[in-house]
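Okay, here's what each chain looks like letter by letter:
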Amino acid sequence: MPINTTITTEPELAWQESALCAQAGPEFFFPAPGSSTREAKQLCGACEGRVACLEYALTHDERFGVWGGLSEKERHRLKRTAR
């Protein structure tokens, strides 16, 4: 998930300060329809903020892009099975 480049003091967003996505462009995390999300997922897999990012996306119903290593469809499935 591409992050805001400003440092945040909100505890909910503290994970963004060390997130690896800050080093990549938004095209990684918001690919064109039909494009691969593999690179974004690989970067997320190495990120220590991955779990917090995914929790943020699920809590805030982020519907687009790769967040916490999961695509839109994967997050939707995760929420559906959690019910």
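This text goes with the structure placed above it.
No experiment lies behind these values; they were computed from the predicted model shown. (Residues numbered from 1 in each chain as written. Predicted model: local features only at pLDDT ≥ 70, side-chain atom pairs only at ≥ 80, totals over all residues. Heavy atoms only, no water.)

A. Region of the structure containing a positive patch on the surface. Judged by side-chain charge, Lys 73, Arg 77, Arg 80 and Arg 83 come together as a positively charged surface patch. Within the secondary structure, Arg 77 is located in helix α4 (residues 72–82). (Patch = residues over 30% accessible without salt bridge, like charges linked within 9 Å, V, L, I, M, F, W, Y side chains within 5 Å. Areas by Shrake-Rupley, 256 points an atom, 1.4 Å probe, with all protein chains shown as cover. Salt bridge = Lys/Arg side-chain N within 4 Å of Asp/Glu carboxyl O. Lys, Arg positive; Asp, Glu negative; His and termini not counted. Charge placed at Lys NZ, Arg CZ, Asp CG, Glu CD. Helix = DSSP H or I, 4+ residues; strand = E, 2+ residues; numbered from the N terminus.)

B. Representation of the pattern of salt bridges within the structure. Applying the stated criterion across every chain yields a total of three salt bridges. Residue Lys 41 is joined to Glu 74 by a salt bridge in which the shortest nitrogen-to-oxygen separation is 2.8 Å. Of the two residues, Lys 41 sits in helix α2 (residues 38–45) while Glu 74 sits in helix α4, which places them 33 residues apart along the sequence. Residue Glu 74 is classed as partly exposed on the basis of its relative accessible area of 24%. In this structure, Asp 61 engages Arg 63 in a salt bridge whose closest nitrogen and oxygen atoms are separated by 2.6 Å. (Buried < 20%, exposed > 50% of the residue type's maximum accessible area, 1.4 Å probe, protein only.)

C. Region of interest: the state of the cysteines. Inspection of every chain in the model, using the stated rule, returns zero disulfides. Note on Cys 21: no disulfide assigned, nearest cysteine sulfur contributed by Cys 53 at a separation of 6.1 Å. Assessed through its relative accessible area of 7%, Cys 21 is described here as buried. Cys 44 takes part in no disulfide bond, and the closest cysteine sulfur to it belongs to Cys 53, at a distance of 6.1 Å. (Disulfide = S-S within 2.5 Å.)

D. How the structure looks around helix α3 (residues 50–59). Along α3, the positions that sit buried rather than exposed are Cys 53, Leu 54, Tyr 56 and Ala 57. In an axial view of α3, the angular spread of the buried residues amounts to 160 degrees, which keeps them on one side of the axis. Of the surrounding elements, those touching the buried residues of α3 are α4. Asp 61, located one to two residues past α3, shows a positive phi value of around 50 degrees. (Arc of directions from axis to C-beta. Contact = heavy atoms within 4.5 Å.)

The values reported here are purely geometric and, on their own, carry no functional implication.
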